[in-house]
Amino acid sequence: MKHPGEFALNRRDLVAGASACTALTVMPLTARAEAPIADRAVKTPVSLTINGRRHDLELDTRTSLLDAVREHAHLTGSKKGCDHGQCGACTMIVGGRRINSCLTLAIMHQGDEITTIEGLGKPDALHPMQAAFIKHDGYQCGFCTPGQICSGVAVLDEIKAGIPSHVTADLTAASEVTASEIRERMSGNICRCGAYSNIVDAMTEVAGRRA
Amino acid sequence: MKAFTYEKPASPAEAASAAARMPDAKFIAGGTNLLDLMKLQIETPAHLVDVNGLGLDTIAATQEGGLRIGALVRNTDLAADARVRTDYGVLSRALVSGASGQLRNKATTAGNLLQRTRCPYFYDTAQPCNKRQPGSGCAAIGGVSRQLGVIGTSEACIATYPGDMAVAMRVLDATVETVDAEGAARKIPVAEFHRLPGDTPQIETALKPGELITAVTLPKPVGGTQVYRKVRDRASYAFALVSVAAIVQRDGSARVAFGGMAPRPWRVEAAEAELAKGAKPAAERIFAGAKPTHDNAFKLKLAERTLDAVLTEARG
């Protein structure tokens, strides 16, 4: 079955393939036998566990974790902003740690526990961070919000685990939930609507509730 | 992105031989720099060797009283390690000043060392770049170069090494441990790990094709007050204009390395005796022979002043 996005990928590959052909002709025979033929997609079975549910997929090796989740597992809560790890819209929690899902390959995450915004809460049973974002108006257009919330949840866990940040004054002391800690730790999540101060309020409230 | 085949070997020797077998192979660890560049077709490997199955993810004490950091220890875990925070504070500080939380969770010790020395023209495939396409020219020379190198650069390339971790490792006299396709191990002082561009800016490190980093070792703690100060255009998640890694002892002796100034972490041991006299004479020695551009000449003054601030802070 074709899904939106697959066509765009194929069109791009066609252009890429043209330049790759020249490179392949000068490669030694042994390597050429193992190399992908004329930049043709290499497909491979990939099994992902997303929000506790297993998805058995057949993917091009190039597929990012983000594209696998959105285009193949059809969980479109995670967003593609820059696709280069600069904006944080694609943030997911993998193995308990937040990562940019656009900058990692799906094939590298077989067996990992992957949590997306859909796995944090449901419309009728929101995660405390989701509820706090609504209460404090932690968004306007909402595009960055799934990434902000996944990052926000993981940031509070990082502070709890004693992971230091650039603004932690004493490296040997426990980190605290302060506005400057939240701002520094959330710097990998961009919000072009500028809801930052409300995001800090939402995270501060959730941190207080937990303590 | 160009298509590639993929494998995930189980031992460092297997990984090195897999990479040596395929001429267009690359190791992938965190992938945060490599995949970024692959999406732009600046890196075009035909085969990826995923090293995440190799272990190499622990930090252990060495017999010499130092630490051996596995190649796959994530930047977050290295920065948070209690021994690093206590005895190698400059390293912890450098790590948390780099990238974003998401990237530090993925980026590895070896991968951080191997991030490309790069500039905006390296990313812009419509522009000439001797690093991306050897012999094509350098668009940065005569272009917008505010962020770029002032020393150690060449007629072929003026990009800066953008990392923070390696600057701290340079001041800590770390050693990079590797294994090659034949299974032979070697140790490379971090001072010799990154090379200057000369007329081959595409070759950035001392690694041979297929050679795999297995660990970085730190010598016995040297104590002192350890500082990493990074000056940049915004408060977080930006490359350094100038950064200073310093270890200052009670007797006034000190060692310093700079980031953001050169194609590799910049340290001049012979100039460190000058640090007792102050930042100005030391900076003059450290940056003697600098060739700044019109856009980035300010970095020399900024480096001196940042060094002054760091020495003042460390000496209380």
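Everything numeric in this text was worked out from a predicted model, so none of it was measured.

Conventions adopted
Residues numbered from 1 in each chain as written. Chains lettered and ligands numbered in written order. Predicted model: local features only at pLDDT ≥ 70, side-chain atom pairs only at ≥ 80, totals over all residues. Heavy atoms only, no water. Contact = heavy atoms within 4.5 Å. Buried area = accessible area lost by both parts, 1.4 Å probe. Salt bridge = Lys/Arg side-chain N within 4 Å of Asp/Glu carboxyl O. Helix = DSSP H or I, 4+ residues; strand = E, 2+ residues; numbered from the N terminus. Buried < 20%, exposed > 50% of the residue type's maximum accessible area, 1.4 Å probe, protein only. Pairing = 2+ DSSP bridges. Axes fitted to C-alpha atoms, helices over the stretch in contact; angles between N-to-C directions. Parallel < 35°, antiparallel > 145°, perpendicular 65-115°, else oblique. Left-handed = near helix turned anticlockwise from the far one by under 90°.

A. Layout of the interface of chain B and chain A. Each side of the interface is counted separately: chain B has 45 residues, and chain A has 50 residues. With both sides pooled, the region where chain B packs onto chain A buries about 3,900 Å², and carbon together with sulfur makes up 56% of that total. The tally of links between chain B and chain A comes to two salt bridges. Taking the shortest distance from any N to any O, the salt bridge between B:Lys39 and A:Asp83 comes out at 2.8 Å. When residues in the side of chain B that touches chain A are grouped by element, the largest group, five residues, is from helix α6 (residues 101–106) of chain B.

B. The arrangement of helix α5 (residues 89–96) of chain B in detail. Most of α5(B) is tucked away: eight of the eight residues are buried. When α5(B) is considered as a whole, its buried residues turn out to be B:Gly89, B:Val90, B:Leu91, B:Ser92, B:Arg93, B:Ala94, B:Leu95 and B:Val96.

C. Representation of the sheet that holds strand β10 (residues 242–248) of chain B in the model. Residue and element names in this part refer to chain B. Strand order in the open sheet made by the three strands is β9-β10-β11, with antiparallel pairing throughout. Looking at which strands have only one partner, the edges of the open sheet turn out to be β9 (225–231) and β11 (254–259). Going across the sheet, the axis of each strand differs from the next one's by a mean of 10°, ignoring polarity. Where β10 lies against β11, six bridges are found, and the strand directions are antiparallel. Bridge assignment links Ala-246 to a residue of β11, and that residue is Val-256. In the packing of helix α12 (residues 298–315) onto the sheet, the strands contacted are β9, β10 and β11, and the crossing angle to β10 comes to about 30°.

D. Representation of the packing of helix α5 (residues 128–135) of chain A against helix α6 (residues 145–160) of chain A in the model. All names here are of chain A. One way to put it is that α5 packs onto α6 with a least axis distance of 10 Å and a crossing angle of 120°. Classified by the interaxial angle, the pair formed by α5 and α6 is oblique. Crossing geometry of α5 relative to α6 is assigned as right-handed. Only Thr-145, Gln-148, Ile-149, Gly-152, Val-153 and Leu-156 of α6 make contact with α5, whose side of the interface consists of Met-129, Gln-130 and Phe-133.

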